[in-house]
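Observations on the model geometry
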Amino acid sequence: METATAGTGDNVAAQPAGARRRVFSGMQPSGEFHLGNYIGALKRWVLGQEEKENFFCVVDLHSLTVPQDPAELRMRTRQLTAIYLAAGIHPDKSTLFVQSHVTAHAEGCWLLNCVTPLGWLNKMTQYKDKSAKQESVLTGLLDYPVLMAADILLYDAQEVPTGEDQKQHIELARNIAERFNHLYGETFVVPEPVIAKVGARIMGLDNPLVKMSKSSSGVRGHSVGPLDDPAEIERSFKRAVTDPGNEIRFSDDPAKAGVNNLLSIYQVITGRSGEEVENDFANARGYGDLKKRVAEVVIEEFRPVREGAARLMADAAELDRLLARGAEQAAAVAMPKLREMKEKMGLIVP
Ligand code: AMP
Ligand code: TRP
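Residues numbered from 1 in each chain as written. Chains lettered and ligands numbered in written order. Predicted model: local features only at pLDDT ≥ 70, side-chain atom pairs only at ≥ 80, totals over all residues. Heavy atoms only, no water.

1. Here we look at the domain arrangement of the protein chain
For the protein chain, the domain assignment lists domain 1 (3–200 + 315–345) and domain 2 (214–311). In this complex, domain 1 contributes 19 residues to the contact, which on the side of domain 2 involves 21 residues. Across the domain 1-domain 2 interface, the total number found is one salt bridge. Our enumeration of links across domain 1 and domain 2 arrives at five residue pairs in polar contact (both at pLDDT 80 or more). A breakdown of the residues in the side of domain 1 that touches domain 2 according to their chemical character gives nine nonpolar, seven polar and three charged. (Domains from an automatic or database assignment. Contact = heavy atoms within 4.5 Å. Salt bridge = Lys/Arg side-chain N within 4 Å of Asp/Glu carboxyl O. Polar contact = N/O pair within 3.5 Å; in protein donor to acceptor, adjacent residues only side chain to side chain. Nonpolar A, V, L, I, M, F, W, Y, C, P; charged D, E, K, R; others polar.)

Here you go:
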């Protein structure tokens, strides 16, 4: 798959030549995992898994930045782990763990808070959007991107594969890394966002002008996910908003955003080129045909994820064992880095 790598910074503490590039990414366990999460992030993690050294995290501390039901959060943390595994994240090839199990994340966040100007956080568009929708905004929501910087920097990750909406947060992590390196000497690798050219911003099926998002997942026909009933997925695609025309082509015309979105979904899932995708639909009978075929590939893609996740969820003890192993592996990398931060900042490290 084609990817666009943004950012140009020198990786100051880069690993020795020949070492596999290190990847860190994560997802919040709150809300309903959807097709946008799958295409913008998880599928790409799986595709890149073989040639990279990977750390994939279930970022439960980030979920706490908005109120959560405790039992539901615990269930969703295991459920997202099961989805990662069922989608093809392999515990022998990737370190898979829960953020709160490695205490260095919260501690590292505190240390980074103390080198991050408040003005940088006030500029984050995701914070501005989310806080505008809430009556009472928690401090953690403002601090969210610093915790995310700690996630990434503790592992000296060179690449951070996410959807388009995380680019500004990764840029902030770069700025924090550079500032820390400047203040205390070379400590962190300056990470690069890795955002795909196609599929980095999947739009809502009910409204192709807004991003598919967890916060709208309750809206009927907005999103589909791997745990949904296939008949429901088919219905959501059938109802997908398009336009009054009949041309099945990629386009950046906002009036054609619905068709463009359907084609992008099809392209990433089938792994074909843009040209091949348009050829596939050259003889299609209208948008009804397009929607039907996109629904089919999505349902087929999700089938093993749905079945695998259900199997894994039936054995919570086994999932917890896997996560304990992942946390141990992650801590072996993150704890020495945290120690280095503390020493450089003048703390007595026992
Ligand atoms: P979140 O839903 O905020 O937990 O996002 C988890 C991951 O999915 C991040 O890498 C996001 O950038 C990505 N993502 C979220 N929504 C979309 C979307 N509509 N299209 C593509 N990627 C997305
Ligand atoms: N903020 C990310 C999101 O909502 C999740 C996240 C937390 C993350 N820490 C991260 C992504 C570190 C990449 C790297 O999607």
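So, next bit.
2. Some thoughts on the site of ligand 1
Near ligand 1 there are 18 residues, and of these N37, G163, D165, I202 and K214 occur at the shortest range. Backbone polar atom of M212 to a nitrogen atom of ligand 1: 2.9 Å apart, as the coordinates give it. In the complex, 94% of the free accessible area of ligand 1, which totals 480 Å², lies under the protein chains. Tallying contributions element by element places helix α1 (residues 35–48) first for the shell around ligand 1, with four residues. Grouping the constituent residues of the shell around ligand 1 by class yields five nonpolar, nine polar and four charged. (Near = heavy atom within 4 Å. Areas by Shrake-Rupley, 256 points an atom, 1.4 Å probe, with all protein chains shown as cover. Helix = DSSP H or I, 4+ residues; strand = E, 2+ residues; numbered from the N terminus.)

3. Re the site of ligand 2
In the neighbourhood of ligand 2, 13 residues make up the surrounding shell, with Q28, Y144, M148, D151 and Q166 lying closest. Y144 is positioned such that a nitrogen or oxygen atom in its side chain is 2.7 Å from a nitrogen atom of ligand 2. One nitrogen or oxygen atom from the side chain of D151 is found 2.6 Å from a nitrogen atom belonging to ligand 2. Counting residues per element, the ones that place at least two in the shell around ligand 2 are β2 (22–27) and α7 (139–153). No other element matches the four residues that α7 contributes to the shell around ligand 2. Grouping the amino acids of the shell around ligand 2 by side-chain chemistry returns six nonpolar, six polar and one charged.

4. A word on the environment of E276
Counting through the fold element by element, E276 comes out in helix α11 (residues 274–280). In this structure the C-alpha to C-alpha distance between E276 and E72, which are 204 residues apart in sequence, comes to 43 Å.

5. Let's talk about the side chain of N37
Relative to the elements of secondary structure, N37 occurs in helix α1. Judged by relative accessible area, N37 falls into the buried class, the value being 14%. Setting aside its immediate chain neighbours within four residues, N37 contacts M27, E32, L42 and K214. (Buried < 20%, exposed > 50% of the residue type's maximum accessible area, 1.4 Å probe, protein only.)

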